[in-house]
Amino acid sequence: MSAQPMPHKFGLLLYPGFEVLDVFGPLEALNVISRKEFEWIGVPYVPNITLSIITTTQALEPVSPAQAGDVGAVLAQSITPQYTIYDAPEDLEVLLIPGGVGSSNVSDDTVAWVSQMVPKLRYLITVCTGADIAARAGALCGLRATTNKQAWASVTSNPASAATYWVAHARWVQSSDSIWTTSGVSAGTDGFVAWIKAVYGEDVGTKACQWMEYSAVADADNDLFTGNNKD
């Protein structure tokens, strides 16, 4: 558990084509530990957590896991953001960047915003190909990191990724004291639970899984989906 004060101000970066579980796996765990009823299973809840939902688009409009032009291929449910990258809060403590098929299409303005925010954050957490956005922003230079194993070749071969040591067998990686990167989709929940244990306490993370009836992968160095990918 971190000796610093517990973080309370979270941000979620959304773009068209985000991966749904990348977002809602971690958010489920965050919702659980922030509700008073969490005390029913024997651990204190984390009070006063706030979540700022930030879109990469210029207009404040619903963001969908579908990309422009997708018809009939994906569900078109959407999330209503509260901010754009142009008016987002400057005092965020934790930023979650999910992956998804739209991650490679985020704008230069988005990459610049992430780059500007990283030094202000206490924690940056990427899920799946969200690591590609972080790499493009220069946040992973000289660090160990991981990403989605199905997108491994495309992410790790990008010029922006050349200064990062990509760990193929990792389910998640604590890249530094402040940066955590996870493999794809469901790995985001595993990595986020591990982050909760490190920051809020082992019991909090364990009880969150009990509440969710979720068996989190506890071994950061054993991703069953590594396949033939190499470091």
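Residues numbered from 1 in each chain as written. Predicted model: local features only at pLDDT ≥ 70, side-chain atom pairs only at ≥ 80, totals over all residues. Heavy atoms only, no water.

K.L.:
Any chance you could explain the sheet that holds strand β4 (residues 94-97) here in plain terms?
P.N.:
Across a sheet, strands are paired by hydrogen bonds formed along the backbone, either parallel or antiparallel in direction. On the basis of which strands lie adjacent, the open sheet formed by seven strands has the order β3-β2-β1-β4-β5-β9-β8 and mixed pairing. Looking along the sheet, the strands with just one partner apiece sit at the ends: β3 (83-84) and β8 (172-174). Pairing of strand β2 (residues 50-55) with β3, which is carried by two bridges, proceeds in the parallel orientation. From the neighbouring strand, Ile-54 faces β3, where its bridge partner is Tyr-83. Running at roughly 165° to strand β1 (residues 9-14), helix α1 (residues 20-34) makes contact with β1, β2 and β4 of the sheet. Its contacts with the sheet put helix α5 (residues 187-200) on β1, β4, β5 (123-126), β8 and β9 (179-182), and the angle it makes with β9 is roughly 155°. (Pairing = 2+ DSSP bridges. Helix = DSSP H or I, 4+ residues; strand = E, 2+ residues; numbered from the N terminus. Contact = heavy atoms within 4.5 Å. Axes fitted to C-alpha atoms, helices over the stretch in contact; angles between N-to-C directions.)

K.L.:
Can you help me understand the pairing of β4 in this one?
P.N.:
Remember that side chains alternate between the two faces of the sheet whenever the strand is regular. By the alternation rule, side chains of β4 split into Val-94 and Leu-96 and Leu-95 and Ile-97, which are all buried. As judged from the three bridges shared by β1 and β4, these two strands associate in the parallel manner. Bridge assignment links Gly-11 to a residue of β4, and that residue is Leu-95. Bridge count for β4 against β5 is four bridges, and the pairing is parallel. Pairing of Leu-95 across the sheet is with Leu-124, part of β5. Remark: the β4/helix α2 (residues 108-117)/β5 crossover connection has right-handed handedness. (Buried < 20%, exposed > 50% of the residue type's maximum accessible area, 1.4 Å probe, protein only. Right-handed = clockwise from strand over helix to strand, strands pointing away.)

K.L.:
For this particular structure, what's the right way to read empty space enclosed by the protein?
P.N.:
Empty space among the atoms becomes apparent when a probe as large as a water molecule is rolled across them. Taken as a whole and judged by the stated rule, the model has one cavity of 30 Å³ or more. Space inside the largest cavity adds up to approximately 50 Å³. Lining the largest cavity we find Phe-10, Gly-11, Leu-12, Leu-27, Leu-30, Leu-51, Val-94, Leu-95, Leu-96 and Phe-192. At the level of elements, β1, α1 and β4 are the ones that each hand at least two residues to the lining of the largest cavity. Here the lining of the largest cavity is composed, by residue class, of nine nonpolar, one polar and no charged. (1 Å grid on protein atoms, 1.4 Å probe; cavity = no way out; pocket = protein on both sides within 12 Å on 5 of 7 lines; lining within 4 Å. Points joined across faces, edges and corners; volume = space filled by probe spheres on them. Nonpolar A, V, L, I, M, F, W, Y, C, P; charged D, E, K, R; others polar.)

K.L.:
What am I meant to see in helix α6 (residues 202-212) here?
P.N.:
Because an α-helix completes one turn every 3.6 residues, residues spaced three or four positions apart along the sequence face the same direction. Every buried residue of α6 is listed here: Val-204, Gly-205, Ala-208, Cys-209 and Met-212. Seen end-on, α6 carries its buried residues on one side only, within an arc spanning 135°. Looking at the buried side of α6, the elements it contacts are α1 and α5. Glu-213, located one to two residues past α6, shows a positive phi value of around 50°. (Arc of directions from axis to C-beta.)

K.L.:
Hey, could you run me through the packing of aromatic side chains in this one?
P.N.:
How two aromatic rings sit relative to each other is given by the distance of their centres and the angle of their planes. Applying the stated criterion across every chain, the model contains seven aromatic pairs. Centroid distance Trp-152 to Trp-166: 6.3 Å. Interplanar angle 80°. Geometry classified as edge-to-face. Of this pair, Trp-152 sits in helix α4 (residues 152-156) while Trp-166 sits in strand β7 (residues 165-166), and the two are 14 residues apart along the sequence. Residue classification places Trp-152 among the buried residues on the basis of a relative accessible area of 5%. Taken together, the aromatic side chains of Phe-10, Tyr-123, Phe-192, Trp-195 and Tyr-200 make up a single cluster linked through ring pairs. (Phe/Tyr/Trp six-rings, centres within 6.5 Å; stacked < 30°, edge-to-face > 60°.)

K.L.:
Sorry if this is basic, but what is going on with the packing of α1 against α6 here?
P.N.:
Each packed pair of helices is defined by two parameters, the angle between the axes and the distance between the axes. Close contact between α1 and α6 brings their axes to 9 Å; oriented N to C, the two are set at 105°. With respect to their mutual orientation, α1 and α6 come out roughly perpendicular. Between α1 and α6, the residues in contact are Glu-28, Ala-29, Val-32 and Ile-33 and Val-204, Ala-208, Trp-211 and Met-212, respectively. Within the contact of α1 with α6, the residues separate by chemical class into seven nonpolar, no polar and one charged. (Parallel < 35°, antiparallel > 145°, perpendicular 65-115°, else oblique.)

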